[in-house]
Amino acid sequence: MFETLASPKLDGIIALMQAYAEDPRSDKVDLGVGVYRDAKGRTPVMRAVKAAERKILETQDSKSYLSLAGDRAFLDAMTGLLLGEAVAHDRVASVGTPGGTAAVRQICELIRRARPEAVVWVSAQTWPNHMPLIAAAGLEARRYRYLDAASGALDRGGFFADLEQVRQGDVVLVHGCCHNPTGVDPTLQDWAEIAAILDRLGAVPFVDMAYQGFGAGLEADAAGLRLLASRLPEVLVAASCSKNFGLYRERVGLAMAIVPEDRRATLAGTLVGLNRQSFAFPPDHGGRVVSTILGDAALRDLWEGELEEMRQRVAENRRALADALRVETRSDRFGFVAGQQGMFSLLPLSADAVEKLRMDAGIYMLGDGRVNMAGLDAAGISATAQGVAKLLSEGQTL
Ligand code: LMR
């Protein structure tokens, strides 16, 4: 029965992870998958997570099933973290999911159930898994312009003009903060403009929130989402705790629909039904770690401090890479890297240049020039800046 199957092509992130793991060079530099590393190149378990795990180990008295939506304490705590007081929480229907990826998938399934003809609009540059997830749910996707590559800033004109093409009932996928892969986020004024356009056109924003706390801070990073939620009747959210709690392999996420209060129960029931069809009960351990941290003042303080340290380190890496590129290339063409937000930036490198960096210098970045700023250390910063400068001096077209 399997003779018609062809080997699937892995997305660029997963393929790069494999290639990096197989490279025997000891000075190789991993700027691929979005994982935080400290100055020693480690991705440690956060201290707040360890403390919460100890508490759970001592107090948990059952591993029996919970509800299909997952642990209520986790969902409530995350609703607070994401939305603050921006909307009444009785407008919020949510379910736990195995990571942010499954949250995106479940929201796409929800859209297909509600409106199969809806087009999902996605930024021209986006997380490599967005398009496959939308397609797997049987939805049509279209792109809107986002990045002005020349300045490394938001292409406001292109973005807002393309949003005008959106039809009533369409869905617009936006990154809540730390846009992946560009590192370019809308300002609060831009978010107000996005809200006004979508409201006028009757379209629904779908906010992918995977990096809260990595950009401008926990509260500031949620400001766009909160503004949309406070101004629009319907907002969809996929959130991940992989990065801000360092819980990558535990798979902790949630799918959320913010709707008028009288529709909340229907949405909650639909989301629960979708969970039942795909994995039934979401994993519990990571979510319990999150609710334990957020529900305990001392653990929450500890976690916020650790997250802030990570945020500062990523910002420092950005400044250091921009400085090193300025010195090595004797130009300011990469200066935008310093001012962008979150884990990623796109270096304006051709696919050939990226390949050459990998082959010649063991520097691994995604084919479109996406680099993980949170994966850099001092050696990686010099190697990357020197590698890029060498390409330029060889006359390689970037
Ligand atoms: C990334 O973009 O590198 C991360 O979000 C990891 C992933 O799942 O792709």
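About the criteria used
Residues numbered from 1 in each chain as written. Predicted model: local features only at pLDDT ≥ 70, side-chain atom pairs only at ≥ 80, totals over all residues. Heavy atoms only, no water. Salt bridge = Lys/Arg side-chain N within 4 Å of Asp/Glu carboxyl O. Helix = DSSP H or I, 4+ residues; strand = E, 2+ residues; numbered from the N terminus. Buried < 20%, exposed > 50% of the residue type's maximum accessible area, 1.4 Å probe, protein only. Domains from an automatic or database assignment. Contact = heavy atoms within 4.5 Å. Buried area = accessible area lost by both parts, 1.4 Å probe. Polar contact = N/O pair within 3.5 Å; in protein donor to acceptor, adjacent residues only side chain to side chain. Nonpolar A, V, L, I, M, F, W, Y, C, P; charged D, E, K, R; others polar. Near = heavy atom within 4 Å. Areas by Shrake-Rupley, 256 points an atom, 1.4 Å probe, with all protein chains shown as cover. 1 Å grid on protein atoms, 1.4 Å probe; cavity = no way out; pocket = protein on both sides within 12 Å on 5 of 7 lines; lining within 4 Å. Sits in = over half its atoms within 2 Å of the grid points. Points joined across faces, edges and corners; volume = space filled by probe spheres on them. Phe/Tyr/Trp six-rings, centres within 6.5 Å; stacked < 30°, edge-to-face > 60°. Lys NZ or Arg CZ within 6 Å of the ring centre and 35° of its normal.

A. Structural detail: the pattern of salt bridges. Going through the model one piece at a time under the given rule, you end up with 26 salt bridges. Note that D296 and K55 form a salt bridge whose closest N and O atoms lie 2.8 Å from each other. Taken together, the positions of D296 in the loop between α11 (285-294) and α12 (297-329) and K55 in helix α2 (residues 47-59) put the pair 241 residues apart, joining distant regions of the chain. Between D76 and R72 there is a salt bridge, and its shortest N-O distance comes to 3.4 Å. Separated by four residues within a single helix, D76 and R72 lie in helix α3 (residues 72-83), roughly one turn from each other. Residue R72 is classed as partly exposed on the basis of its relative accessible area of 43%. A single salt-bridge network, built from bridges that share partners, covers K356, D360, K390 and E394.

B. Spotlight on the domain arrangement of the protein chain. Domain boundaries assigned for the protein chain yield domain 1 (12-44 + 310-393) and domain 2 (65-295). Averaged C-alpha coordinates put domain 1 and domain 2 at centres separated by 28 Å. Each partner contributes to the interface: domain 1 provides 20 residues, whereas domain 2 provides 22 residues. Looking only at domain 1, the three residues that lose the most surface to domain 2 are R311, Q341 and F344, adding up to 35% of its buried area. Taken together, the connections running from domain 1 to domain 2 amount to zero salt bridges. Counting across the interface, domain 1 meets domain 2 through eight residue pairs in polar contact (both at pLDDT 80 or more). Counting residues per element, the ones that place at least two in the side of domain 1 that touches domain 2 are α12 and β11 (344-346). By residue class, the composition of the side of domain 1 that touches domain 2 is 10 nonpolar, six polar and four charged.

C. Region of the structure containing the site of the ligand. The local shell around the ligand consists of I13, V33, G34, W127, N180, Y211, K243, F344 and R370. The side chain of W127 places a nitrogen or oxygen atom 2.9 Å from an oxygen atom of the ligand. R370 places a side-chain nitrogen or oxygen 2.8 Å from an oxygen atom of the ligand. Within the complex, the protein chains bury 80% of what would otherwise be the 260 Å² of accessible surface of the ligand. Here the ligand is seated within the largest pocket. Among the residues making up the shell around the ligand, the classes are represented as five nonpolar, two polar and two charged. Of the residues that make up the shell around the ligand, three or more belong to each of domain 1 (12-44 + 310-393) and domain 2 (65-295).

D. Just unusual backbone geometry, in detail. The omega torsion across N180 and P181 is 25°, close enough to zero to call that bond cis. With respect to the helices, strands and loops of the structure, P181 is situated in the loop between β7 (171-175) and α7 (188-201). Within the chain, R251 stands out as a residue other than glycine whose phi angle is a positive 60°. Residue position: R251 is located in the loop between β9 (235-240) and β10 (253-258). One non-glycine residue, R330, lies in the positive phi region at around 50°. Locating R330 in the fold gives a position in the loop between α12 and α13 (336-339).

E. Looking closely at the layout of surface pockets. Size it by volume and the largest pocket reaches roughly 640 Å³. Lining the largest pocket are 31 residues, and of these V33, G34, T101, W127 and K243 lie nearest its centre. Of the residues contributing to the lining of the largest pocket, the split by class is 13 nonpolar, 11 polar and seven charged. Counting the residues that make up the lining of the largest pocket, at least three belong to each of domain 1 (12-44 + 310-393) and domain 2 (65-295).

F. Representation of the packing of aromatic side chains within the structure. Counting across every chain of the model gives eight aromatic pairs. Ring centres of Y65 and F281 lie 4.3 Å apart, and the angle between their planes is 15°; on these two criteria the pair is classed as stacked. Of this pair, Y65 sits in the loop between α2 and α3 while F281 sits in the loop between α10 (264-278) and α11, placing them 216 residues apart in sequence. Residue Y65 is classed as exposed on the basis of its relative accessible area of 65%. The exposure class of F281 is partly exposed, given its relative accessible area of 28%. Relative to W303, the ring of F245 lies with its centre 4.2 Å away and its plane at 5°, an arrangement referred to as stacked. Note that F245 is positioned in the loop between β9 and β10 and W303 in helix α12, a separation of 58 residues in sequence. Pair check on accessibility: F245 and W303 agree, each one buried. Connected via pairs of aromatic rings, a cluster forms that spans Y144, Y146, F159 and F160. Stacked on the ring of F344, the Lys or Arg R370 has its end atom at 3.7 Å from the ring centre.

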